[in-house]
Amino acid sequence: MSPFKIFFFTALLAAAFSASTADFNSDVNVAWGNGRGKILNNGQLLTLTLDKSSGSGFQSKTEYLFGKIDMQIKLVPGNSAGTVTTFYLKSEGTTWDEIDFEFLGNTTGDPYTLHTNVYTQGKGDKEQQFHLWFDPTANFHTYSILWNPQRIILTVDDTPIREFKNSESLGVLFPKSKPMRMYASLWNADDWATRGGLVKTDWSKAPFTASYRNIKIDGCAHSNGRSSCTSTKPSSSWYTQEMDSTSQARLRWVQKNYMIYNYCTDTKRFPQGAPRECATRS
C-alpha cells in the first residue's frame, strides 16, 4: 500500500474522533484576563498578555478522555523572570488529574526551564525539568501531549522528552477515568518561578506576551458521560502509540543532555527509595 493510501486509510479510521486543526475561534474560549487574551488572524493566532494587574488564559470548549493535542508556542522574549507560560490538561474537582507543560521564565540570556508534571486524583510530585536545545522565544515550536490508556508522551518538535507509563500493576495511579480540558495561561509567579523566587518580575518590561498558533486536537470528546469514540479501542494511531527504538533513543538523548531535575533520582526527597513507577523509566 502506498504511503498516500496508508495516510488516507488512517484518516478514515480517525473519523470517530473529534479532530480539529488551527482554529482558536471554534476550539477555545478566552477564559480570563479582561481583554488580555486575544484571538487574531481569523482564529489562527492567540496571544496572552501579562501586566502588573493580571495575566490571561484560555481553555478548550470541549473535554477529552484521551487524545493528542499539539500547540505551537512562542514564549515571552527578553527578561521573562517571574513569568510562567503554560499548556496543560486538567480535569475538574478537588481530586483532579493533570498533565503539565510549564515554561518558567528567566533573566535575559539565561534559559527557560520547562517544568513537567503528572497529577492523578489531586496528587502530583512527579516533576521533571528541562532546558531546551533552542531559543523558544525566537520562533514558534510545537509542544505536544499524547495521552492514551497505556502512557503519556510529551514531545517538543516531535522529539520525546518524557514518557509516563501506566504502572497500575505496581499500585501507581494513572489518569484514565476523568475527562480533561486543555488550558493555557500566562501569569506572574515570581514567588517561586525563577531561582526559587529569588528573581522577581521586572514590571518595567511589561506587558509580557506569549503567542500560540496551529492548535490541533485529536481526541475522544467527552460530554454528559459519553465519549465521541465509538468503541473501547478506537483505531486512531495515538490511542495505541508506543515508543519505538528511534523515539527511545531521542528520549535518552534529551534526558542525558537537557534534563536538569528528575524526581526519580532525588534521594533527599525520597530517602527510602525512588517511587515505584521510576523503574519503568517514566
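Anything mentioned here points back to the structure above.
Values in this document were obtained by computation on a predicted structure and should not be read as measured data.

### With respect to the pattern of salt bridges
This model, assessed by the stated rule, comprises eight salt bridges. Across the pair Glu 168 and Lys 176 runs a salt bridge, and its minimum N-O distance is 3.0 Å. Given a relative accessible area of 35%, Glu 168 falls into the partly exposed group. Judged by relative accessible area, which is 39%, Lys 176 ranks as partly exposed.

### Examining the pairing of strand E13 (residues 180-188)
Along any regular strand, the residues point their side chains to alternate faces of the sheet. Among the nine residues in E13, seven count as buried, and that is most of the element. Where strand E5 (residues 56-74) meets E13, six bridges bridge the pair, whose relative direction is antiparallel. In the sheet register, Glu 63 faces E13, and the bridge partner there is Arg 181. As defined by bridge partners, strand E6 (residues 83-90) adjoins E13 across eight bridges and the pair is classed as antiparallel.

### Some points on the state of the cysteines
For the coordinates displayed, the defined rule picks out two disulfides. Disulfide pairing is shown between Cys 220 and Cys 229; the S-S distance is 1.9 Å. Every disulfide takes its handedness from the sign of the S-S torsion; for Cys 220 and Cys 229 that torsion is -95 degrees, giving left-handed. Comparing Cys 220 with Cys 229 shows no difference in burial state: the two are buried. Cysteine pairing for the chain (bonded cysteines numbered in sequence order): 1-2, 3-4.

### Quick word on the packing of aromatic side chains
Under the defined criterion, the tally for this structure stands at 19 aromatic pairs. Taking the centre distance of 6.2 Å and the plane angle of 5 degrees together, the rings of Phe 101 and Phe 103 count as stacked. Of the two residues examined, Phe 101 and Phe 103, each falls in the buried class. The ring of Trp 96 has Lys 90 lying over it, and the distance from NZ or CZ to the ring centre is 5.1 Å.

### Topic: the pairing of strand E14 (residues 208-223)
Examined bridge by bridge, strand E4 (residues 45-50) and E14 share six bridges and lie antiparallel to one another. Bridge pairing in E14 places Thr 47 opposite Ser 211. Two strands pair when backbone bridges link them, and E5 and E14 are joined in this way by nine bridges, in the antiparallel orientation. Opposite Gln 72, over in E14, you have Arg 213 as the bridge partner. Where E14 and strand E15 (residues 226-227) come together, two bridges link them in antiparallel fashion. By the bridge assignment for E15, His 222 is matched with Ser 227.

Reading guide: rules and limits
By convention here, each chain's residues receive numbers from 1 onward along its written sequence. Residue-level local features of this predicted model are given only where pLDDT is at least 70; pairs of side-chain atoms are given and counted only at 80 or more, and the full residue set underlies all totals for whole chains, interfaces and linings. Only heavy atoms go into the side-chain values, all of them from the structure, while hydrogens and water stay out. A carboxyl oxygen of Asp or Glu within 4 Å of a side-chain nitrogen of Lys or Arg is what we treat as a salt bridge. Buried, partly exposed and exposed residues are distinguished by accessible area as a fraction of the type maximum, computed with a 1.4 Å probe on protein chains only: under 20%, between the cut-offs, and over 50%, respectively. Secondary structure elements follow DSSP: runs of H or I no shorter than four residues count as helices, runs of E no shorter than two count as strands, and numbering proceeds from the N terminus. Strands are treated as partners if at least two bridges between them are detected by DSSP. The disulfide definition used here is simple: a pair of cysteine sulfur atoms within 2.5 Å. Only the six-membered ring of Trp is used, alongside the rings of Phe and Tyr, when aromatic pairs are assigned; centres must lie within 6.5 Å, and planes under 30 degrees apart are stacked while those over 60 apart are edge-to-face, with the rest tilted. Two conditions define a charge sitting above a ring: the NZ of Lys or the CZ of Arg must be within 6 Å of the ring centre, and it must be within 35 degrees of the ring normal.

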